[in-house]
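# Summary of the model geometry
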Amino acid sequence: MILPPSRTNAEAHLYMDLRPCSCGETRFPRQSAVVALEDGDLAARYTGECPTCGQPREFIFRLPAEPAVAPAGDFRYGGDEPSHLLDPGEWLRVADGYARSVPAEVTTGDAAQRARATLIRAVAALDEVLKFVPPGEDVVPVAAFTTEQGRDLHRREPGRFRRDRLAAVRAAYAGMLPQAV
């Protein structure tokens with residue numbers, strides 16, 4: 001199955017991490033290759049074997065015409081357009097997971113660097129949710145939720161998908177970054 005474009009390697013790897021094997025294992029060692037599709041477009045093909053059950057795993061992502069490029073020293077999952085791989089509910093769950101994994105007390109050294117990298121990813125995931133809010137609108141439209149996990153989160157907590165609330169959470173996570181240096 002050929003999936004929609006992955007805007008960056010980080011987005012492709014996150015997508016794969018969120019799609020567990022039938023045994024439940026989420027990670028697998030991956031080999032990657034650029035392949036030509038029948039229509040002439042290029043794709044990134046990731047293959048590997050589940051370390052738990054041995055099942056082969058494969059993901060093929062169409063490569064975008066214009067790859068997303070992050071400014072030097074910046075981390076982004078994609079360009080200015082919303083993701084075609086993950087819906088806004090999945091992105092918000094990712095941001096929540098990253099933020100929850102950062103210890104409340106971070107001192108210095110390796111732990112501080114890991115906390116900073118994790119918070120940067122949480123902020124980037126919130127940026128992805130915000131891309132689903134149409135210009136001039138205040139909320140992510142219901143039609144943007146395309147996965148059961150995303151629709152479930154939206155049903156339970158629709159207020160979390162308001163632009164102002166997303167921006168406030170993003171600001172809070174970004175405000176924690178200097179503490180994690």
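All of the points below concern the structure found in this document. (Residues numbered from 1 in each chain as written. Predicted model: local features only at pLDDT ≥ 70, side-chain atom pairs only at ≥ 80, totals over all residues. Heavy atoms only, no water.)

## Some details on a nonpolar patch on the surface
Condition: Like charges within 9 Å and nonpolar side chains (Val, Leu, Ile, Met, Phe, Trp, Tyr) within 5 Å are joined into patches, using only residues over 30% in relative accessible area that form no salt bridge. Computed with a 1.4 Å probe, the accessible areas rest on the Shrake-Rupley method; for each residue, only the protein chains presented here act as cover. We define a salt bridge as a contact between a side-chain nitrogen of Lys or Arg and a carboxyl oxygen of Asp or Glu at a distance within 4 Å. Only DSSP runs of H or I covering at least 4 residues are called helices, and only runs of E covering at least 2 are called strands; the numbering of each starts at the N terminus.
Together, Val 34, Leu 42 and Leu 63 give the surface a local cluster of nonpolar side chains, amounting to about 250 Å² of exposed area. Mapped onto the elements, Leu 63 comes out in the loop between β4 (56-62) and α2 (88-100).

## Digging into the nonpolar core
Stated formally: Here, nonpolar core refers to any group of buried Ala, Val, Leu, Ile, Met, Phe, Trp, Tyr and Cys residues whose side-chain atoms link them within 4.5 Å. Throughout this description, buried means an accessible area under 20% of the type-specific maximum (1.4 Å probe, protein chains only), exposed means over 50%, and partly exposed covers the range between. Contact between two residues is taken to exist if any of their heavy atoms lie within 4.5 Å; hydrogens are not considered.
Ranked by internal contacts, the top residues of the largest apolar core, which has 35 residues, are Phe 61, Trp 91, Val 140 and Leu 166. Among the elements of the structure, α1 (9-17), β3 (42-49), β4, α2, α3 (109-130) and α5 (163-176) are those that each provide at least two residues to this core. No other element matches α3, which puts seven residues into this core. When residues no more than four places from it in sequence are discounted, the contact partners of Val 140 are Pro 88, Val 129, Phe 132, Val 133, Phe 145, Phe 161 and Leu 166.

## So, the sheet that holds strand β1 (residues 2-3)
Let me state the cut-off plainly: For two strands to pair, DSSP has to find at least two bridges joining them. In this description, a line fitted to the C-alpha atoms serves as the axis of each element, helices being fitted only across the stretch in contact, and the angle between N-to-C directions of two axes falls anywhere from 0 to 180 degrees.
Spatial ordering of the open sheet is given by β1-β4-β3-β2, a layout of four strands whose pairing is mixed. Lying at the two open borders of the sheet, with one neighbouring strand each, are β1 and β2 (31-36). Bridge analysis of β3 against β4 gives seven bridges, and the strand direction is antiparallel. Bridging across to β4, Glu 49 finds its partner in Pro 56. Lying on the sheet, α1 is in contact with β1, β3 and β4; it crosses β4 at an angle near 140°.

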